[in-house]
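Coordinate inspection notes
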Amino acid sequence: MAGGESQTPVSLSDRELQIIDLVAAGLTNQDIAIKLEISKRTVDNHISNILTKTQTENRVALVRWALQWGKICLHDVNCCVLPIQNN
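Summary of the structure given here.

Criteria and cut-off values
Residues numbered from 1 in each chain as written. Predicted model: local features only at pLDDT ≥ 70, side-chain atom pairs only at ≥ 80, totals over all residues. Heavy atoms only, no water. Helix = DSSP H or I, 4+ residues; strand = E, 2+ residues; numbered from the N terminus. Buried < 20%, exposed > 50% of the residue type's maximum accessible area, 1.4 Å probe, protein only. Contact = heavy atoms within 4.5 Å. Arc of directions from axis to C-beta. Axes fitted to C-alpha atoms, helices over the stretch in contact; angles between N-to-C directions. Parallel < 35°, antiparallel > 145°, perpendicular 65-115°, else oblique. Left-handed = near helix turned anticlockwise from the far one by under 90°. Nonpolar A, V, L, I, M, F, W, Y, C, P; charged D, E, K, R; others polar.

1. A short note on the side chain of Asn 29
Within the secondary structure, Asn 29 sits in helix H2 (residues 29–36). Using a relative accessible area of 14% as the deciding quantity, one classes Asn 29 as buried. Setting aside anything within four residues of it in sequence, one finds Asn 29 in contact with Lys 40, Val 43, Asp 44, Ile 47 and Arg 59.

Shown next as structure tokens:
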């Protein structure tokens, strides 16, 4: 696949998935930091780790990867029903 996107499933934490969703929504790292009440450096580290895990080179490739693997839903595109977790 173009852009170095991973062809295998990747294990991501809930926080990493949350950050991918915010990246896909168009937020900057600073905006994400403010929204999640964490430092920008922490967001930078999360983004770096996510790019490494997903074998993507940049934010655009990351969003493409997330859409491909059903990790995000944009404007009712690529949406799936997630199982309800009983805690």
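2. Quick notes on H2
Every buried residue of H2 is accounted for by Asn 29, Ile 32, Ala 33 and Leu 36. Down the axis, H2 shows its buried residues gathered within 100° of arc, on one side only. In H2, those exposed residues whose orientation departs by more than 90 degrees from the buried face are Ile 34 and Lys 35. Against helix H1 (14–24), helix H3 (40–54) and helix H4 (59–68) lie the buried residues of H2. Residue Glu 37 follows H2 closely and has a positive phi angle near 55°.

3. Re the packing of H3 against H4
H4 packs onto H3 with a crossing angle of 60° between their chain directions and a minimal axis gap of 11 Å. When the axes of H3 and H4 are compared, the pair comes out oblique. For H3 against H4, the interelement crossing comes out left-handed. Along its contact with H3, which presents Ile 47, Ile 50, Leu 51 and Thr 54, the element H4 presents Arg 59, Leu 62 and Trp 65. Among the residues forming the contact of H3 with H4, the class breakdown is five nonpolar, one polar and one charged.

By themselves, these observations are geometric and do not establish any function.
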